[in-house]
Amino acid sequence: MPRTIITFGTFDVFHVGHLRVLQRAAALGDRLVVGVSADALNERKKGRVPVFSEGERLAIVGALKVVDEVFVEESLEQKRDYIVAHGADVLVMGDDWAGKFDEFGDVCDVVYLTRTPAISTTAIIEHIADL
């Protein structure tokens, strides 16, 4: 039986940490579905609009060979609906979210992957701003 993995993120200023987490998520199953945060969601969540637009981020993530499907994540409160709608067997998130999505264990397995050390979108944006 094919195993569907789902994950979520903003994926702004795409970097090797994003690539590694998606590769590791994809290795857990047969099909990887990725929810890319809407511009409005990112602004509400992080207090700033992304550097790259929602459409650009969808195109970047969707072009990766490990990704089978992308969609826009409009709301954090709809994660359960997204998991069920995409028939996900496993929800994968970075370990910075450890424990925060355990409530979905009744509809899928929940796995937290270790983030790539010493790299973050915020740090990259701040570094560029300082140049």
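Up top is the structure.
Residues numbered from 1 in each chain as written. Predicted model: local features only at pLDDT ≥ 70, side-chain atom pairs only at ≥ 80, totals over all residues. Heavy atoms only, no water.

**Quick word on the sheet that holds strand 1 (residues 4–9)**
- The five strands are arranged 3-2-1-4-5 in an open sheet whose pairing can be described as parallel. The sheet is open, and its two edges are formed by strand 3 (69–73) and strand 5 (109–113), each paired on a single side. Taking the axes of each pair of neighbouring strands and ignoring which way they run, one obtains an average angle of 25° across the sheet.
- Two elements, strand 1 and strand 4 (residues 90–94), share three bridges in a ladder whose sense is parallel. From the neighbouring strand, I5 faces strand 4, where its bridge partner is V90. (Pairing = 2+ DSSP bridges. Helix = DSSP H or I, 4+ residues; strand = E, 2+ residues; numbered from the N terminus. Axes fitted to C-alpha atoms, helices over the stretch in contact; angles between N-to-C directions.)

**Let's talk about the environment of K45**
- Within the secondary structure layout, K45 lies in helix 2 (residues 39–46).
- Among the residues examined, K45 registers a relative accessible area of 30% and is labelled partly exposed.
- Sequence separation between K45 and S75 is 30 residues; the distance between their C-alpha atoms is 9.9 Å.
- With near-sequence residues (within four places) excluded, K45 lies in contact with T10, S37 and L76. (Buried < 20%, exposed > 50% of the residue type's maximum accessible area, 1.4 Å probe, protein only. Contact = heavy atoms within 4.5 Å.)

**Observations regarding the side chain of H86**
- Tracing the backbone through its elements, the reader meets H86 in the loop between helix 4 (79–85) and strand 4.
- With relative accessibility at 17%, the residue H86 sits in the buried group.
- Discounting chain neighbours no more than four positions away, the residues touching H86 are T4, I6, R31, V33, E69 and F71.

**Details of unusual backbone geometry**
- Positioned with a positive phi, F11 is a non-glycine residue whose angle comes to about 60°.
- For F11, the location among the structural elements is in the loop between strand 1 and helix 1 (16–26).
- For V13, which is not glycine, the phi torsion reads 45° and is therefore positive.
- Relative to the elements of secondary structure, V13 occurs in the loop between strand 1 and helix 1.

**Re the nonpolar core**
- In this structure, L22, L32, V34, V61 and V67 are the most contacted members of the largest nonpolar core, which totals 16 residues.
- Put simply, the parts of the chain that give this core at least two residues each are helix 1, strand 2 (31–37), helix 3 (54–62) and strand 4.
- Examining the composition of this core, we find that four residues originate from one element, helix 1, more than from any other.
- Among residues more than four places away in sequence, those in contact with V61 are F11, F14, L22, V34, V36, V67 and V70. (Core = buried A, V, L, I, M, F, W, Y, C linked by side-chain atoms within 4.5 Å.)

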